[in-house]
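# Close look at the chain arrangement
One letter stands for each residue in the lines below.
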Amino acid sequence: KQEVTQIPAALSVPEGENLVLNCSFTDSAIYNLQWFRQDPGKGLTSLLLIQSSQREQTSGRLNASLDKSSGRSTLYIAASQPGDSATYLCAPAGGGYQKVTFGIGTKLQVIP
Amino acid sequence: SAVISQKPSRDICQRGTSLTIQCQVDSQVTMMFWYRQQPGQSLTLIATANQGSEATYESGFVIDKFPISRPNLTFSTLTVSNMSPEDSSIYLCSVEDRTGDSGNTIYFGEGSWLTVV
């Protein structure tokens, strides 16, 4: 059974800092890995998807890397802004529909 | 991409009552998925809803408590029956898009935040 751990559980940084969120998973037989953002009381917004054959994906100030063999992914946020404050979840997916496992997430607070 | 609308976005419910959550997708999808997120927890898959057949429930979830309908390829409902305070959660509808160049991307609705009093 896939288990996902995200470290740190919470993070508070001043505006403008670069930061790294970590995700580890126990079963490396994944199809892809997706990073989501969740605002309080809301649904999830997809940020980046990395296929198992890829090493990284970039979207704006976000960069996600994947080391499938070691069961790790990182989300790098450059020049953080208060609007980045949210909970970030990683979700590795196995084969088949919705064989997705979510971590509890990293709660990020960017202080103006 | 897929745009998913959920209703209601938020509700306060009395113990013992039932509430139906609606999920509308802007494109036809084979499968729709319902998740629960209890306070401070991650997402847990409740069931998978196929059009024209009964939903498939995950361990710990039963049809009597969480009946699901899937009348067509763009719509589904989840009912939370005989609610108790333990059912206070965010309920999320999800679809998986396998048509794009980026692979099977998962999309979520905005969620329905239920508080049972």
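Above this text sits the structure in question.
None of the values given here were measured: they were computed from a predicted structure. What you see as residue numbers is a count from 1 along each chain, following the sequence as written. Lettering for chains starts from A, numbering for ligands starts from 1, and both go in the order in which the items are written. Only residues with pLDDT of at least 70 are given local features in this predicted model, and only at 80 or more are side-chain atom pairs given and counted; all residues enter the totals for whole chains, interfaces and linings. Water and hydrogen atoms were dropped before computing side-chain values, which therefore reflect all heavy atoms in the structure.

Contacts between the two partners involve 20 residues from chain A and, on the opposite side, 23 residues from chain B. Accessible area that two parts lose when put together, with a 1.4 Å probe and added across both, is what the buried area reports. With both sides pooled, the region where chain A packs onto chain B buries about 1900 Å², and carbon together with sulfur makes up 54% of that total. Any pair of nitrogen or oxygen atoms within 3.5 Å is treated as a polar contact; in protein, a donor-acceptor pairing is required on top of that, and neighbouring residues in sequence qualify only through side-chain atoms on both sides. Counting across the interface, chain A meets chain B through five residue pairs in polar contact (both at pLDDT 80 or more). Numbering of helices and strands starts at the N terminus; helices are DSSP runs of H or I of at least 4 residues and strands are runs of E of at least 2. When residues of the side of chain A that touches chain B are traced back to their parent elements, those giving at least two are β4 (32–38) and β5 (44–51) of chain A. Note on contacts: a residue pair qualifies if any of its non-hydrogen atoms lie within 4.5 Å across the two residues.

All right, on to the state of the cysteines then. Residue and element names in this part refer to chain A. Sulfur atoms of two cysteines make up a disulfide when they are within 2.5 Å. In total, this model carries two disulfides over all chains according to the counting rule given. One disulfide bridge connects Cys 23 with Cys 90, the sulfur atoms lying 1.8 Å from each other. Across the disulfide from Cys 23 to Cys 90, rotation about the S-S bond amounts to roughly 45°, and the bridge is consequently right-handed. Here Cys 23, found in strand β3 (residues 19–25), pairs with Cys 90, found in strand β9 (residues 86–93); they are 67 residues apart in sequence, far enough to count as distant. Under the relative-accessibility criterion, Cys 23 is labelled buried at 2%. Three exposure classes are used, based on accessible area relative to the maximum for each residue type with a 1.4 Å probe and protein chains only: buried under 20%, partly exposed in between, and exposed over 50%.

Residue and element names in this part refer to chain A. Think of it this way: DSSP has to see at least two bridges between two strands before they count as a pair. One open sheet holds the five strands; their spatial order is β1-β3-β8-β7-β6, and the pairing between them is antiparallel. Taken across any chain shown, the strands that pair with only one partner, and hence form the sheet edges, are β1 (4–7) and β6 (56–59). The mean inter-strand angle of the sheet, taken between neighbouring strand axes irrespective of direction, is 15°. Here four bridges tie β1 to β3, and the two strands are oriented antiparallel to one another. Bridge assignment links Thr 5 to a residue of β3, and that residue is Ser 24. Axis lines are fitted to C-alpha atoms, over the contacting stretch for helices. Their N-to-C directions set the angle, which ranges from 0 to 180 degrees.

Residue and element names in this part refer to chain A. Here Asn 63 is to be found in strand β7 (residues 62–67). A relative accessible area of 19% places Asn 63 in the buried class. Linking Asn 63 and Tyr 31, residues 32 residues apart in sequence, is a C-alpha distance of 19 Å. Not counting residues up to four positions away in its chain, the partners in contact with Asn 63 are Leu 48, Glu 56, Gln 57, Thr 58, Thr 74, Leu 75 and Tyr 76. A polar contact is formed between the side chain of Asn 63 and the side chain of Glu 56, at a distance of 3.2 Å.

Turning next to the environment of Ile 21 of chain B. Residue and element names in this part refer to chain B. As for its position among the elements, Ile 21 is in strand β3 (residues 19–25). Looking at Ile 21, the relative accessible area reads 0%, which means it is buried. Each C-alpha atom, one on Ile 21 and one on Glu 54, is 17 Å from the other, the two residues being 33 residues apart in sequence. Residues in contact with Ile 21, not counting those within four places in the same chain, are Gln 6, Lys 7, Pro 8, Trp 34, Ser 76, Thr 77, Leu 78, Tyr 91, Ser 112 and Leu 114.

Another aspect to go through is the pattern of salt bridges. For this analysis, a salt bridge means a side-chain nitrogen from Lys or Arg found within 4 Å of a carboxyl oxygen belonging to Asp or Glu. With the rule as written, the count across this model stands at three salt bridges over all chains. Where Arg 61 of chain A meets Asp 84 of chain A, a salt bridge forms, and the shortest distance between an N and an O atom there is 2.8 Å. A residue pair is termed long-range when its members are at least 10 positions apart, and Arg 61 of chain A in the loop between β6 and β7 and Asp 84 of chain A in the loop between β8 (72–77) and β9 qualify at 23 residues. Here Arg 61 of chain A falls in the partly exposed class, since its relative accessible area comes to 30%. Between Lys 65 of chain B and Asp 87 of chain B there is a salt bridge, with the nearest N and O atoms lying 2.6 Å from each other. With Lys 65 of chain B in the loop between β6 (56–57) and β7 (68–72) and Asp 87 of chain B in the loop between β8 (75–80) and β9 (89–97), this residue pair connects regions lying 22 residues apart in the sequence. The exposure class assigned to Lys 65 of chain B is partly exposed, which follows from its relative accessible area of 21%. Judged by its relative accessible area of 5%, Asp 87 of chain B falls in the buried class.

Spatial relationships are all this shows, so hold off on functional conclusions.
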